[in-house]
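Structural overview for review
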Amino acid sequence: MPRTVAYKTQIQHLSVLDENGKLDSKLGKDLLSDEQVQQSYEHMTVCRQYDEVAFKLQRSGRMGTFPQNKGQEAAAIGSALAARKGQDWLVPAYRENAALFMHGLPMHSVLTYWMGDERGSQIPEGVKITPLSVPIGTHMLHATGIAWAAKMRKEDSVTLTYFGDGATSEGDFHEAANFAGVLQVPCIFICQNNSWAISVPREKQTASETFAQKALAYGIPTIQVDGNDLFAMYLATKEAHDRARKGEGPTFIEAVTYRLADHTTADDASRYRDTSELDAWKAKDPLIRLRKYLENKGLWDDEKQEALEAKAKAIVQEVVKTAEEMPKPDVTDIFDYTFAEIPESLRVQRDTMRTTSLGQNPDQAGLGARAAR
Amino acid sequence: MAELNLVQSINLALAQEMERDDRVMVLGEDVGLNGGVFRVTDGLQKRFGEDRVVDTPLAESGILGTSIGLAINGMLPVPEIQFEGFLGPAYDQIVHHAGRMRNRTRGAVTVPLTVRVPVGGGIHAPELHSDSPEAIYSHHVGIKVVMPSTPYDAKGLLLAAIRDPDPVIFFEPKRVYRSYKEHVPEDDYTVEIGEAKVLSEGEDVTVITWGATVFQALAALDELPEDVSVELIDMRTIYPMDEDTIVESVQKTGRCVIVHEAARTAGMGAEIATILQEKCFLHLEAPVQRVTGFDTVMPYYKLENHYLPEAPRIKEAIEQVLAY
Ligand SMILES: Cc1ncc(C[n+]2csc(CCOP(=O)(O)OP(=O)(O)O)c2C)c(N)n1
Ligand SMILES: [Mg+2]
């Protein structure tokens, strides 16, 4: 037999709650309690409101560039729900705010951050989240390392890392996955495939049929999930989480979702994206299907919806207030956090706010010697 | 002759060179249909097709590494890196391959590519979108580093860069992408790489800078008393440096202030100051001064203007060297 099959596999696609809010009776059975679903829907609604308000803040000049999360809330929340707050780590990019808030990042922090202030990345004690990451595709290596440390220290902790479809093109992604596979660390790679990397469509990003299959090359169990389906995201992450805790290593989850907004407030997607595609995905909005599900179960009605929307507005208003009322950052912060102990030359720059020798200390620039000459 | 800003003049240069020489290719993230995040490549894909204006996967090492291959095999790639902060993943390719290829093959293999990179702060951008890494790439060997500040120079330098037989990093100061317009000829012309420009002639003090801080220096000059005579030099090319122009100027004025956005330590100011003390030693009337960014992270935008060498800090330094 000169030609045999050396390797063969399939990629599963998982979906539990369909677009019409209908739950798969087998897969969905006892998966999430009514209370969990309702809380998730409420959190999603608050995050959607947050997103809309952030957009307006940018447009009215009260905030800089902001990447809207709109449409990707189920992928964030469904996965984060399977992780333990304060015990498992989240290593995010920037399009999973809802997961971060669930795991204890104060909601105003993300606004503070996009308002151009590093204090937005000052993660509170006990919150196991790394700061938002700007260089695309580079932070997943940190997730592998954090999970590796958990393994070394025999901690019961799993690391979840989020990144986009575009991020899988960076070399660092492949290194992160390869290390995780080789070292069998408790890490879950969550690829939010929202179809676009700014203006570059998924077909131009990769010739692979799925993003999930990329993990196969690294020997990592992998699955494609309906990312707008809270239940499926929860189920896939829960299974990955269980495996990780049992010492069975990493998992890759491709969450198929869609960016309902522009890439960021600095972008104009109408330049490169058909509105027909956008409209089709609007119908698959994770909020719509979850509401339908709750309504079908008799757990939701217009009155509750109205009350929730009012509550979401109030919560977000308060968050914006907190962010905007923060006192100005100290200029000395630029210097003070560079090292644990400030080097002398930097201390002089800090104290004088000058880089010139004459500005820092005229006496030391030889003036005295010159006078004596 | 049209009045163009920096973005438009670079776009014009790219279009004209693609028209003139079909080996020229543009590649990078979002450079096609979207025309680049700053619209510098706007309309080029429509005009020259998807084969010559290519939206690549999101991978800077990939963009630079394949550009090296394209260049080795007869194309003239003009890759774009979206922001200077994302040169990181491409560093190995630029420094360890592009810059060394000619020397390590003793001239057998060469890499004529021009990588365009928006650079610098002052536009309230997100984190890691405002750095000034020109010294890093000047320190490394085999790479030419240019940074025009005006539309006229940008077109001429870009054409020179694309036609140059060696790798060139073409930094575009994004703060002045749209803030200044001037006449840019339709004609084919080049500005020689390695030639500084004296923007204003003067007798009392030389101010040396490049990129967006040229405009901060001009603003500082406006604030000085009428009788102070400043020679302002826009380096335009960071490496190879036009030593003749700066040395001649400082031999005349005896005083010098160097201004750049990058951090002070091991910045280009250090190199220039050393050249001046070597070649103008007996002419110097005052210590050469460096007005630069601090030796810190380029702060996120709430504090960025405290970091940047803005006009008041430049003016103060000029006054201090004059008073010395
Ligand atoms: C290393 C690097 N290169 C380029 C960029 C510019 N950039 C910011 S977001 C983005 C697209 C990211 O796409 P994807 O990974 O799919 O995430 P999404 O924004 O769709 O959530 C690009 C090219 C960057 N931030 N970092
Ligand atoms: Mg994407």
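Residues numbered from 1 in each chain as written. Chains lettered and ligands numbered in written order. Predicted model: local features only at pLDDT ≥ 70, side-chain atom pairs only at ≥ 80, totals over all residues. Heavy atoms only, no water.

1. Here's the deal with the pairing of strand E4 (residues 187-193) of chain A
Residue and element names in this part refer to chain A.
- Most of E4 sits inside the fold, with seven of its seven residues counted as buried.
- Neither face of E4 is open: one carries Cys-187, Phe-189, Cys-191 and Asn-193, the other Ile-188, Ile-190 and Gln-192, and all of them are buried.
- Two elements, strand E3 (residues 159-164) and E4, share six bridges in a ladder whose sense is parallel. From the neighbouring strand, Tyr-162 faces E4, where its bridge partner is Ile-190. (Buried < 20%, exposed > 50% of the residue type's maximum accessible area, 1.4 Å probe, protein only. Helix = DSSP H or I, 4+ residues; strand = E, 2+ residues; numbered from the N terminus. Pairing = 2+ DSSP bridges.)

2. Remarks on unusual backbone geometry
- Following Tyr239(B), the chain continues into Pro240(B) via a peptide bond in cis, with omega recorded as 0°.
- Relative to the helices and strands, Pro240(B) is located in the loop between strand E12 (237-239) and helix H9 (243-253).
- One non-glycine residue, Gln184(A), lies in positive phi territory at about 50°.
- Residue position: Gln184(A) is located in the loop between helix H7 (171-183) and E4.
- Gln184(A) gets classed as partly exposed once you look at its relative accessible area, which sits at 31%.
- A positive phi is found at Arg106(B), a non-glycine position, where the angle reads about 50°.
- With respect to the helices and strands, the residue Arg106(B) is situated in the loop between helix H5 (101-104) and strand E5 (114-119).

3. Focus: the packing of helix H1 (residues 6-20) of chain B against helix H7 (residues 151-163) of chain B
Residues and elements named next belong to chain B.
- Orientation of H1 relative to H7, taken along the N-to-C sense of each, is 30°, at an axis distance of 8 Å. Our pair here, H1 against H7, has a crossing hand that is right-handed. On H7, the residues touching Leu-6, Ser-9, Ile-10, Leu-12, Ala-13, Leu-14, Gln-16, Glu-17 and Arg-20 of H1 are Pro-151, Ala-154, Lys-155, Leu-158, Leu-159, Ile-162 and Arg-163.
- Grouping the constituent residues of the contact of H1 with H7 by class yields 10 nonpolar, two polar and four charged. (Axes fitted to C-alpha atoms, helices over the stretch in contact; angles between N-to-C directions. Left-handed = near helix turned anticlockwise from the far one by under 90°. Contact = heavy atoms within 4.5 Å. Nonpolar A, V, L, I, M, F, W, Y, C, P; charged D, E, K, R; others polar.)

4. Side note on the pattern of salt bridges
Residue and element names in this part refer to chain A.
- If you walk through the whole model with that rule in mind, you get 41 salt bridges over all chains.
- Notably, a salt bridge pairs Arg-48 with Glu-73, separated by 2.6 Å at the nearest N-O pair. In this pair, Arg-48 sits in helix H2 (residues 34-59) while Glu-73 sits in helix H3 (residues 73-81), placing the two residues 25 residues apart along the sequence.
- Assessed through its relative accessible area of 11%, Arg-48 is described here as buried.
- Of the charged contacts in the structure, one is a salt bridge between Arg-119 and Asp-117, with a shortest N-O distance of 2.7 Å.
- Among the residues examined, Asp-117 registers a relative accessible area of 2% and is labelled buried. (Salt bridge = Lys/Arg side-chain N within 4 Å of Asp/Glu carboxyl O.)

5. Here we look at the coordination of the magnesium ion (ligand 2)
Residue and element names in this part refer to chain A.
- Within the protein, the magnesium ion (ligand 2) binds to Asp-165 (OD), Asn-194 (OD1) and Trp-196 (O); these donor distances fall in the range 2.1 to 2.2 Å.
- Mapping the donors of the magnesium ion (ligand 2) onto the primary sequence gives the spacing D-x28-N-x1-W. Of this pair, Asp-165 sits in the loop between E3 and H7 while Asn-194 sits in the loop between E4 and strand E5 (196-197); the two residues are 29 residues apart in sequence, bridging distant segments of the chain. You'll find Asp-165 and Asn-194 in the same group, each marked buried. (Donors = N, O, S within 2.8 Å, 3.2 Å for Na, K, Ca; no water.)

6. Side note on the domain arrangement of chain B
All names here are of chain B.
- For chain B, the domain assignment lists domain 1 (2-184) and domain 2 (197-323).
- Each of domain 1 and domain 2 has a C-alpha centre, and the two are 26 Å apart.
- The interface is formed by 28 residues belonging to domain 1 together with 25 residues belonging to domain 2.
- For the pairing of domain 1 and domain 2, the buried interface totals around 2,100 Å² over both sides, and the portion due to carbon and sulfur atoms is 57%.
- On the domain 1 side of the interface with domain 2, the three residues burying the most area are His-124, Met-147 and Arg-175, jointly 23% of the side's total. (Domains from an automatic or database assignment. Buried area = accessible area lost by both parts, 1.4 Å probe.)

7. Thoughts on the sheet that holds strand E13 (residues 256-263) of chain B
All names here are of chain B.
- Read from one edge to the other, the open sheet built from five strands follows the order E9-E11-E10-E13-E14, with strand pairing classed as mixed. If you trace the sheet from one side to the other, it starts and ends with strand E9 (197-200) and strand E14 (289-293), each paired once. In this sheet, neighbouring strand axes are inclined to one another by 25° on average, regardless of whether the strands run parallel or antiparallel.
- This element, helix H8 (residues 213-223), spans E9, strand E10 (205-209), strand E11 (230-234) and E13 of the sheet and lies at about 170° to E11.

8. Observations regarding the packing of H2(A) against helix H11 (residues 286-296) of chain A
Residue and element names in this part refer to chain A.
- Closest axis-to-axis distance for the H2/H11 pair is 10 Å, and the angle between their directions is 145°. For H2 against H11, the interelement crossing comes out left-handed. Across the interface between the two elements, Asp-34, Val-37, Gln-38, Tyr-41, Met-44, Thr-45 and Arg-48 from H2 touch Pro-286, Leu-287, Leu-290, Arg-291, Tyr-293 and Leu-294 from H11.
- Per-class residue counts for the contact of H2 with H11 are eight nonpolar, two polar and three charged.

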